[in-house]
Structure formats: structure tokens, C-alpha cells
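Coordinate inspection notes
Below, each chain spelled out in residue letters.
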Amino acid sequence: MATELNHPAEPSSDWELAADEAIAAHGGDARAAVQALLAANASLEREVALWAPAVSYGFSRGWHRRRRGETE
């Protein structure tokens, strides 16, 4: 039962392979791999934040939230 709580779902082999490749790309340093992935994610979030206002709510089918106070 404790094992189920620690590992709620088995990762797919694709994710395991991607994780291994990311760690290998950083010379086996898992911490450096995580830092690089977090930096890449932050960069993508900034990009989405820049482009989201330019895309209409209807065109995006509601995948992004409207800013507060914005009217339809």
C-alpha cells in the first residue's frame, strides 16, 4: 500500500527514455538536468504569456484564461 502512495502511476517508457537523455545531456548530473528543464519551461511560459493576449478567446477555444476585467 505504501508503494502505491509513493508511485501512483508507472511512468511510460517514453518518459523514462526522455529523462535518461536529459540527464545524459548534462553529464549524468540530475540536478543540472532539472534546472535546465525548469529554465526551458519558464521560457515557454513567458512566450505563452506574450502571445496569449494576441489570440482571441474563441479561436483558442478557451484554453487560456481571460484577464480579469476584460469584457467579451
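Conventions adopted
Residues numbered from 1 in each chain as written. Predicted model: local features only at pLDDT ≥ 70, side-chain atom pairs only at ≥ 80, totals over all residues. Heavy atoms only, no water. Helix = DSSP H or I, 4+ residues; strand = E, 2+ residues; numbered from the N terminus. Buried < 20%, exposed > 50% of the residue type's maximum accessible area, 1.4 Å probe, protein only. Expected span 1.5 Å × (residues − 1).

1. Digging into the overall build of the protein
- Within the protein, the secondary structure is distributed over 3 helices and 0 strands.
- Counting from the amino terminus, the protein carries its helices and strands in the arrangement α-α-α.
- Relative to its 72 residues, the protein shows a buried fraction of 8%.

2. Notes on helix α2 (residues 13-25)
- With 13 residues, α2 ought to run about 18 Å at 1.5 Å a step, and its terminal C-alpha atoms sit 18 Å apart, in line with that.
- Positive phi appears at G27, one or two residues downstream of α2, with a value of about 65 degrees.

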